[in-house]
Every structure is written in C-alpha cells, then in structure tokens.
Amino acid sequence: MNPLRWHVILGCVAWLAFAPASHAQQGRAFSVGYCYPAGCQQGATSEHIIAGQFLNNVTNVFVTGTGVQAVITDYFKATTQGEARQLQLVLDGLFEKRQFLMTKDPSLGKLRGGKGGKPGKSSLPPKTPEELARKYANATWTAEDDKKVAEIRKKLATVVRRPANPSISELVTVQVTAAPDAEPGLREIRLATQNGLSNPLVFCVGQLPEFSEKASRVIVEQKSAVAKTAFGPKSTKARPEITVTLPATVNGQILPGEVDRFRFNAKKGQKLVMAVSARQLIPYISDAVPGWFQATLSLYDSKGKELAYDDDFRFNPDPVLYYEIPADGEYVIEVKDSIYRGREDFVYRITIGEMPFITSIFPLGGPAGEKTTVELKGWNLPATSLTLDDTRKAPGVYPLSVRKDNHVSNFVPFAVDTLPECHAEKSHGGKSHAQHVTLPIIINGRIEKPDESHVFRFEGKAGDNIVAEVMARHLNSPLDSVLKLTDATGNQIAFNDDNTDKGAGLTTHHADSYLTAALPKNGTYLLRLSDTQHKGGPEYAYRLRLSAPQPDFALRVVPSSINARVGTTVPLTVYALRKDGFTGDIAISLKDAPKGFKLGGAKVPAKEDKVKLTLTVPPSPMGRPVSLQFEGRATVAGREVAHPAVPAQDMMQAFEYRHLVPSQEMEVAVTGRSSSKAVSARILSEMPVKIPAGGTAKIRIAAPSGAIAKKAHLELSEAPDGIIIKSVSPSDEGMDILIESDASKVTPGQKGNLLVGAFAPKPPKSSKSKKTSSKGGPTAMLPAIPFEITQK
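Calculation notes
- Residues numbered from 1 in each chain as written.
- Predicted model: local features only at pLDDT ≥ 70, side-chain atom pairs only at ≥ 80, totals over all residues.
- Heavy atoms only, no water.
- Helix = DSSP H or I, 4+ residues; strand = E, 2+ residues; numbered from the N terminus.
- Contact = heavy atoms within 4.5 Å.
- Areas by Shrake-Rupley, 256 points an atom, 1.4 Å probe, with all protein chains shown as cover.
- Buried < 20%, exposed > 50% of the residue type's maximum accessible area, 1.4 Å probe, protein only.
- Pairing = 2+ DSSP bridges.
- Phe/Tyr/Trp six-rings, centres within 6.5 Å; stacked < 30°, edge-to-face > 60°.
- Lys NZ or Arg CZ within 6 Å of the ring centre and 35° of its normal.
- Core = buried A, V, L, I, M, F, W, Y, C linked by side-chain atoms within 4.5 Å.
- Axes fitted to C-alpha atoms, helices over the stretch in contact; angles between N-to-C directions.
- Polar contact = N/O pair within 3.5 Å; in protein donor to acceptor, adjacent residues only side chain to side chain.
- Salt bridge = Lys/Arg side-chain N within 4 Å of Asp/Glu carboxyl O.
- Disulfide = S-S within 2.5 Å.

The next subject is the overall build of the protein. The number of helices and strands found in the protein is six helices and 61 strands. Taking as baseline every contact in the protein between residues at least 6 positions apart, the subset at least 24 positions apart corresponds to 71%. For the protein, the exposed area adds up to about 37500 Å²; of that, 50% sits on carbon and sulfur atoms.

Below, the discussion takes up the environment of F262. Along the polypeptide, F262 turns up in strand 17 (residues 258-266). Given the relative accessible area of 2%, F262 is considered buried. Each C-alpha atom of the pair F262 and V335 lies 8.8 Å from the other, and the pair is 73 residues apart in sequence. The residues touching F262, leaving out its near neighbours within four places in the chain, are I242, V244, V250, N251, Y331, V332, I333, V335 and Y348.

With that settled, consider the sheet that holds strand 55 (residues 696-702). Read from one edge of the open sheet, four strands run 53-55-58-57, paired in antiparallel fashion. In the strand order of this sheet, the two ends are held by strand 53 (682-683) and strand 57 (723-730), each with one partner. Alignment of strand 57 against strand 58 (residues 734-741), held across seven bridges, turns out to be antiparallel. Bridge pairing in strand 58 links S727 to L738.

The next thing to look at is the packing of aromatic side chains. Following the criterion strictly, the structure yields 12 aromatic pairs and no others. Ring centres of Y322 and W379 lie 5.0 Å apart, and the angle between their planes is 10 degrees; on these two criteria the pair is classed as stacked. Placement of the pair is Y322 in strand 21 (residues 320-324) and W379 in strand 26 (residues 371-379), with a sequence separation of 57 residues. Grouped by ring-pair contacts, the aromatic residues F262, F293, F346 and Y348 constitute a single cluster. Looking at R446, its charged tip hangs above the ring of F362, at a distance of 4.2 Å from the centre.

Glancing now at the nonpolar core. Counting residues in each nonpolar core, the largest one holds 44 residues, and the members touching the most others are F264, M274, L299, I333 and I350. When residues in this core are grouped by element, the largest group, four residues, is from strand 23 (residues 347-353). Other than its neighbours up to four places away in sequence, F264 contacts V244, L246, L272, L299, G329, E330, Y331, V332 and I333. Formed by 30 residues, the second largest nonpolar core is a distinct cluster that contains L555, V566, V574 and A645.

Spatial strand order, 2-4-9-6: four strands in an open sheet with antiparallel pairing. Strands at the two margins of the open sheet, each flanked by one partner only, are strand 2 (31-36) and strand 6 (68-77). On average, adjacent strands in this sheet sit at an angle of 25 degrees to one another, irrespective of strand direction. Pairing of strand 4 (residues 45-53) with strand 9 (residues 170-178), which is carried by eight bridges, proceeds in the antiparallel orientation. In the sheet register, E47 faces strand 9, and the bridge partner there is Q175.

Our next topic: the side chain of T64. Within the secondary structure, T64 is located in the loop between strand 5 (58-63) and strand 6. When its relative accessible area of 7% is taken as the criterion, T64 is described as buried. Among the polar contacts made by the side chain of T64, one reaches the main-chain amide nitrogen of E188 at a distance of 2.9 Å. Each residue touching T64, except ones within four places of it in the same chain, is listed here: R187, E188, R190, Q664 and E665.

Glancing now at unusual backbone geometry. Each neighbour pair has its own omega, and for F362 with P363 the value is -5 degrees, a cis peptide bond. Within the secondary structure layout, P363 lies in the loop between strand 24 (357-362) and strand 25 (365-367). Residue P559 follows V558 across a cis peptide bond; omega there is 0 degrees. Note that P559 resides in the loop between strand 42 (552-558) and strand 43 (561-565). Within the chain, D580 stands out as a residue other than glycine whose phi angle is a positive 50 degrees.

For the structure on display, the rule yields 27 salt bridges. With its nearest N and O atoms 3.6 Å apart, the salt bridge here joins K77 to E83. Judged by relative accessible area, K77 falls into the partly exposed class, the value being 36%. Since its relative accessible area comes to 33%, E83 is described here as partly exposed. Across the salt bridge formed by E718 and K612, the nearest N and O atoms sit 3.3 Å from each other. Of this pair, E718 sits in the loop between strand 56 (710-717) and strand 57 while K612 sits in strand 48 (residues 610-616), placing them 106 residues apart in sequence. For E718, a relative accessible area of 57% corresponds to the exposed category.

Before going further, it helps to examine the state of the cysteines. Inspection of every chain in the model, using the stated rule, returns zero disulfides. As a non-bridged cysteine, C35 has C40 as the owner of its nearest cysteine sulfur, 9.2 Å distant. Here C204 is not disulfide-linked; the sulfur of C40 is the nearest cysteine sulfur, at 8.9 Å.

This brings us to the environment of D464. Within the secondary structure, D464 sits in the loop between strand 35 (453-460) and strand 36 (465-471). D464 gets classed as partly exposed once you look at its relative accessible area, which sits at 33%. Measuring from C-alpha to C-alpha, the distance between D464 and L519 comes to 5.3 Å, with 55 residues separating the pair along the chain. Setting aside residues up to four positions removed in sequence, D464 forms contacts with A517, A518 and L519.

In short, the description is geometric, and any link to function would need to be established separately.
In structure tokens, the structure reads:
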C-alpha cells in the first residue's frame, strides 16, 4: 500500500470525497497557447483566434483593464478517430432510418453518401425487414434529423489521427471591440468556462491601423494543418505579399518554412521604425528550442535589394529596425524564423511608421522624493530629455514612455530608490580612475567605450559586510557587468560576473553582477566595474549599489488564474525572493479581498524560499472573475516591511528550464451553485502542528456532519521528504489524521505546510470491468496545515 494514502469510512468525510472537484479541475484545467491577431486597434472591432486545449465548453472571454470588450463567436475541434467511429454509427443509423421511411414515403428521397458524405458500407449489422419495421414503426423524419446529419458530416470532414500540437489544436473565434479611448499597451486575455479561467495571454491595444489575414481564413488554413508535423519541412516558401498603408501594425503567423512579406509606399526622408513583437507575446514555448519564436526582420527596396536586417535588438530577441528612406517608392519588409521553423503559435506583430522609440535613457533611475532629469536617446523622439517627478513615488521600477503626435513610444524601466545617489566621474582616455565614494551610495554611470572600467574607492573596517549590486540588464541596458573587489594593494576579496535572479522571469541571461563580502581589515578598498564582453557605448548604463546589506524580499504567487467551486479550497505556491541575507518569516495576507476568501498556512517560514498554501473561496459563485491582491509582511531590522505578491505563471522553456513570468492580475473564478452545505473543514489542533522527529502527531479536523457515509482516501500533496500519513480515524468532531516523520529525513526546526487532498473512491475490481486510471487530482483539499519538526 502507498504509505501516503489512507482509506477511511466515516460519514463526516463524505463531503471531501464528493465535494465539487475544484482541485481536480485545476490539475486538468483547459489552457490556451496563442491569440491571433495578438492585438487590436483603438476604436475598432476585430476578429481573433484563441487556440488551446479542452476549450469545448468556453462561455466567455475577458480582457484586463477597461475599454475592451470581447465575445465568443465560434468553436472548432478536429474529430479524433475514436470520435469518428461513434459518429459514423449515429450517421449510419440515420441513413438506415431514412431508407426505411422511403419505403413508406418515396417523396423523402435518398440521403446522398454514406460515411462522411461518401458512399460506403454501413457500419451497422444488417437487419431483416421485420426488424426494421419494429424499430421504426412510429418513426418520422424531422428537420432535427437533417440538422444532425449536417453536423455529423461536418465533424467527419475534420478527422485526424492525432493533432501535431494537442495543446493548440482547438480554436475559439472571438470578436473584440476596443473603445476609442482604450489605453494603449499590453493587456491580458483569458477564456472562461463554467468551471473557471484559462491561463492569460498577452493582448495588445494599439493606436495604428491593423493589417492581418482574416481570422475566418486563418481558421480554414489551420483546420487543414492541425494534423501536420509539429514544425514541418524547412521549405523556405513565401506567402503572397500583403500591401499596407503606413503607419500600420501588421500581424502574422509563421508556419513551417514560411516567409511573410508586407509591401508599402514610403517617401524620401521618412524615418521609419519597424519593431517586432514575438517573444513579447509568447515569452516561452515549452517544446521548442531556444524556447520562443526567434524572428528576423529584413527591409528591401522595390528591386529586391536588402537595405537593413536585424535578428534581435541588443539582448532582446525581438528585432527592431530604424531606416531613413532614401527615395520615394515601394519597399518590402520580410519576417521569418531564424532557422525556418514554424507553427501556429509563432505569432508576431510589427509596428511600422515614424513612431517614437526610446533606445536608452540616462540615468537609469533616481532618488525617491526628488525630481530627476533623464537624457533620452532614440528615434523620432519629441525631446532629448525629460524631467521625472519622483517626489511621491515609493521605491521600485516604473515604466517610462513619451508621446509624439499622440503616439505612445515603447516603455522602458526607470528605478526609484531611497539611498543617496551620485554620478560616476568621466573616465580619462579610457583609463581607470578611482573615484572616492562614501557608503551607502547608488552610483549612476555608463561604460562609454570598449574595455573601459570604472573603479570606486571607499573606506571600510574589519568585519564590515558590504554588498555591491549592479542594475543594468534589469533596466534595459546591454551592459554585461563584472565586479571585482580588492584591497588597496590589489588582493582580490570577491568577484562576480552573473547573478541569477528568479524574479526576472523574462530574462534568460542574468548578466547583472552581485557580490557580498566581509572586509578583512581596516583600510581602503577598490571596486572595479566593467563589461565582461569588453563592449561599451552611451547606452551601456548602470546603477551600482554599494552599501551594507539591506535585507528585503519580493514575492511571486502562482498560478495567476485560479479556479474553484463554491466553498472549496485550492492550493497556491508562494515564492520568496530573499535579498541581502534576509531569512525571516514572511506573513501572507489578502488585501481588500471580497468577503469569504481565506488563506490557509499563510506564512513563508524563515529561511524557506517557497511554500504551498491554500485559498478557500466563498460559498456563493461570482458572476465574473475576481481580482485578488496578495501582500507579504515581515519584520526587517526591527521595522515592518510590506510588499505586494506579484501574480505569475510558472512557464517552461525548451523542455527543461522554468521561469516565473509576471502577470498583470491574479484572477479567481468561483463557479457552481450556492449551497448551504458548502462548509469548509476547520483545523482544530493548535498550529503549527508539532511533529517530533521520528515520532507522530495527531491533527484534529472538524468537518460537516450528517453526510452519508462514503469511502475516500486522503493523501499528502507534495509532502516534505520523510513525512507521511500513518492513519486516519473518525472522531466526534470529524476525523483525526496521524502524521509520522522519519528522523533520518527531517530536521528539528524544519517548518512548512502540509496539504491534504481527498480522492474519490475507486470502483470495485471486476474481471469484466475495464482498467481505470488512478491518475488525476484530488476532489477536494483541506486548508493548509502549518507544521514544525521538534526534538523527540
């Protein structure tokens, strides 16, 4: 017997075994993989395809923010061979019925075709005239029969052996309407069924006229392509050009080997910016290498001469071209995958026009409570500098953009902090110059020439702990920093090139440096900063924090779409991103949540980087998804610190790597019918439950009474190593769960949460019954149970 599973027969747990399967649904939740086109224009209505899996019961579509409405207009799913066999039986039955009725009424006429509309032998066993007469004695042919025949033939025309990409094999067509004043920028779009929400996809609201193939035509193409190979042949074929009028946003999909081209007229002197969004739309693809659609962009003149090419913009995989038109005439842009891969989720958008585009700023941030003048570099900008008012901003990173002719530029990050700041001194002929600084300090500088280094001198005492942290790649700078700390004589004390930041979910090359060190003696110390690739330029900016440790934390909560039936409990994962040695507890809470939402096990224990907790939802359904905000609080250096928990998706890249990709909102769908019986279980034992190392502890659970006795089994979900359910027994209040720990696998002081799931009873074994799979999630969850391992 699996030591983590225990069966129990008691009336009070019937609610667990047969409660609505909220957690099971999350485990097999429907998902979406792409939206095409992946955006719309202000003040326009457009048609879009959203592709995914298990979409057959989709009822609604939701877009975050205001000013954008969407409705579902169609659904398509290819028919499997198993489904086709069942449909054929029904169709042959209708043919049989029609043929019999014709013997009584020849005016009915024959139904043309057999299988799927083609003549063929019936799959039904032959019947005698007497058998047919008895079966169809009172039968008539109705309009409903005609409708059913048409529907079956339609489905049989889409039979596939197996979809090449099951996760994007079902298509939903939606109609999106954006108000003229809808805020431009990135949104999130989700599908909804009666059981909950899909994962979010990026959806753009743009300002320019949109050009793309109509969704109805694309659906026809994709219906025929749904069974083809995943990435297809590399045949480098170009589809017919699409002619557009500038300025414009063009949309497309790259299928295997395809090359898309767009033709436009331009005039001499026009300064065009052509910016691709591809990876921005779908950050990671789990079953493709390198893990996203790697677009390339080329510009040609009317004679086919290549004028410009790009396959990325600095370290950003999405390419951007700037080109000043030399003569009036026709021009063509070409987009493809760098190695001619392709499939339906290789979706892109390209904005083309004399649009403002920021390529770099300096400084990359400024002090809170003050105004900062920022130098702007880029194309088609309205000014070369901008004064930002940070007098009311809390520390953090904020989006910065500009407007020209009412067009909004791209967004770049700008950091705000509370530490004193200064600028790095100008280098002297590329040679290092030791600039004296007093800690704590944030230094704003830039490596303006290749092989340039910046050196900072400071005084320290024996035993002082110092931190040096570079913020460059985090703030859209191409600098690939390296830090080296030495004493005055050049003896190296600490060194760092790259520092992985789990909170930077969209970053795959963590190029920013971070080091910490305890100073060995009183005296002068030198910190050298340079680019590890020996590059430089005005865009190679940085912010360097040099200070004593500043313990802090950030939080991510996964998933960003939560589905739960009324009154049930679902699991969540909170990741703690600890900074500068912070090791304390972090209490998690809901901020301004509607009544009825409650967290269980809402604490990240000291020194832990992750915890599973639970969310219990109200006993009544919500008409629309609810946006929840999570907050973390901790005591840091004697003061209380609070930070929001950022909702995120746990996304896989290229079969292996995982990333916490931030979402705009945490959306919760509470579905089902209101029920007075939707009463959640309560933990009666004192918490945290103390479990002796190598011993046992009893957990008392209060559960609703009066339910019919049923058989269920309880199981720990993602149990800590060495902790199992030893037994479950009924009690006056509900039930008692006996937990046992293995002294060789647990450590006194270890803390966390136990998540207990209830699984539906298995059908009795029978020689005639078919094998049933034991896979699937629990039908219900208990609230998270905090525990602590103690000395026995």
